[in-house]
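These are the residues of each chain, in order.
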Amino acid sequence: MPCQKSFFNDKTLPLFSGKKEFAMALASDKTLIHQMVNAKINLENTTLVSGIKLILILFGSILLAVSAQYKVPLGPVPITLQSMVVMLIAIVYGWKLGGTTIVAYWLEGIFVGGIFSFLPWFANGSGLAYFLGAPSAGFLWGFLPMVIVVGYLVNNLSWYKNIFTLVSALLVGQLFLYFIGLAHAYLFVLPVVDWMVTPTEMLSIYLYPFIIGDILKTIIAALITIYFTKSLRRHM
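Cut-offs used in this document
Residues numbered from 1 in each chain as written. Predicted model: local features only at pLDDT ≥ 70, side-chain atom pairs only at ≥ 80, totals over all residues. Heavy atoms only, no water. Helix = DSSP H or I, 4+ residues; strand = E, 2+ residues; numbered from the N terminus. Buried < 20%, exposed > 50% of the residue type's maximum accessible area, 1.4 Å probe, protein only. Contact = heavy atoms within 4.5 Å. Areas by Shrake-Rupley, 256 points an atom, 1.4 Å probe, with all protein chains shown as cover. Phe/Tyr/Trp six-rings, centres within 6.5 Å; stacked < 30°, edge-to-face > 60°. Axes fitted to C-alpha atoms, helices over the stretch in contact; angles between N-to-C directions. Parallel < 35°, antiparallel > 145°, perpendicular 65-115°, else oblique. Left-handed = near helix turned anticlockwise from the far one by under 90°. Nonpolar A, V, L, I, M, F, W, Y, C, P; charged D, E, K, R; others polar. pLDDT = per-residue confidence, 0-100. Arc of directions from axis to C-beta. Salt bridge = Lys/Arg side-chain N within 4 Å of Asp/Glu carboxyl O.

**Student:** Just checking my understanding: could you explain the overall build of the protein chain for this structure?
**Tutor:** Tallying secondary structure elements over the protein chain gives eight helices and two strands in all. Ordering the α and β elements of the protein chain from the N terminus gives α-α-β-β-α-α-α-α-α-α. Taking all 236 residues of the protein chain together, the buried fraction comes to 48%. Within the protein chain, residue pairs in contact and separated by at least 24 positions form 61% of the contacts whose partners lie at least 6 positions apart. Total accessible area computed for the protein chain in this model is approximately 12300 Å², and 71% of it derives from carbon and sulfur atoms.

**Student:** Just to check I follow, could you spell out the environment of Thr80 for this structure?
**Tutor:** Summarising the element assignment, Thr80 is placed in strand β2 (residues 79-80). Sequence separation between Thr80 and Gly213 is 133 residues; the distance between their C-alpha atoms is 9.5 Å.

**Student:** How should I be thinking about the packing of aromatic side chains in this particular structure?
**Tutor:** In this description, an aromatic ring pair is defined by two values, namely the gap between the centres and the angle between the planes. Under the defined criterion, the tally for this structure stands at seven aromatic pairs. Ring geometry for Phe122 versus Phe131: centroids 6.1 Å apart, planes at 35 degrees, classification tilted. Among the residues examined, Phe122 registers a relative accessible area of 0% and is labelled buried. Through successive ring pairs, a cluster of aromatic residues spans Tyr105, Trp106, Phe122, Tyr130, Phe131 and Trp141.

**Student:** Before we go on, may I ask you to explain the packing of helix α5 (residues 137-156) against helix α6 (residues 163-189) in this structure?
**Tutor:** Think of two packed helices as two axes; the pair is described by the angle between the axes and how far apart they sit. Running from N to C, α5 and α6 cross one another at 155 degrees; their axes reach a closest spacing of 7 Å. With respect to α6, the axis of α5 lies roughly antiparallel. Note on packing geometry: the crossing formed by α5 with α6 is right-handed. The residue makeup of the contact of α5 with α6, split by class, is 19 nonpolar, six polar and no charged.

**Student:** For this particular structure, what's the right way to read the side chain of His184?
**Tutor:** Within the element layout of this structure, His184 appears in helix α6. For His184, the contacting residues outside a window of four places in its chain are Leu132, Ala134, Pro135, Ala137, Gly138, Trp141 and Val189.

**Student:** What exactly am I supposed to notice about the confidence of the model for the protein chain here?
**Tutor:** Parts of the model with low pLDDT should not have their predicted coordinates read in detail. Taken as a whole, the protein chain shows an average pLDDT of 84; of its residues, 81% reach a score of 70 or greater. Considering each helix and strand of the protein chain separately, the mean pLDDT is smallest for helix α1 (residues 32-40), with a value of 65, and largest for α6, with 97. Below a pLDDT of 50 lies the segment residues 1-28, which in the model reaches 60 contacts outside its immediate sequence neighbourhood of four places, other chains included.

**Student:** I would appreciate a short explanation of helix α7 (residues 199-206) in the present structure.
**Tutor:** The α-helix advances 3.6 residues per turn, and as a result positions three or four apart in sequence lie on the same side. All buried positions along α7 are accounted for by Met202, Ile205 and Tyr206. Along α7, the residues classed as buried sweep out an arc of 80 degrees about the axis, all on the same side. Buried positions along α7 lie against α5 and α6.

**Student:** Just checking my understanding: could you explain the pattern of salt bridges for this structure?
**Tutor:** Side chains that differ in sign of charge can pair as their charged atoms come close. In this structure the tally under the stated criterion is one salt bridge. Note that Lys217 and Asp214 form a salt bridge whose closest N and O atoms lie 3.2 Å from each other. Taken as a pair, Lys217 and Asp214 lie in helix α8 (residues 211-234) at a separation of three residues, close to a single helical turn. Note on accessibility: Lys217 and Asp214 belong to one class, buried.

Okay, structure coming up:
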């Protein structure tokens, strides 16, 4: 049976074995962001590496905050671009740097709410009270397992090799997002609110309106990844 041809060239994500500086990879020597930076900058300087990491984390966390403001309000859980941004962060950054970026986003949102309560950092607010008690807080928490799962599958297990495994990795990550979001809604929101009473009503608010949009965002994220990776190959 012939092997399925990857949409990535074998040289797209090389292991770069034999270079000591790759031991200081930004997340993993397979991540796209590492290849981009290493192609331009010598990563032997640990101070430089730390500075680059910090810039990438700040950029990713601010991008998440901005994407949260592009939303379609649908009750307690708005439709935003955040889940697509989380997918792209996971793919490009890898699970380690991606996970750190999510935590930074949380901390920034909590800090912003404590100092500038009028400034939204999350979808509908900011601050510790929002992070812990918002009706959609579970989905906010779910970003971390989502980015870890997607980043690990795509970069560490090489699920980038064809469109089907790439999309599968993105969908598996979203299953973790939905699990955390729905578990939070069922355990902590459903028992105390009067605008939903049954688990069926909960699903009609927290799940069903988002399925088609999330499928579309998954496809878009996959296509962006394909284009981005092919462009990276041409310039290396």
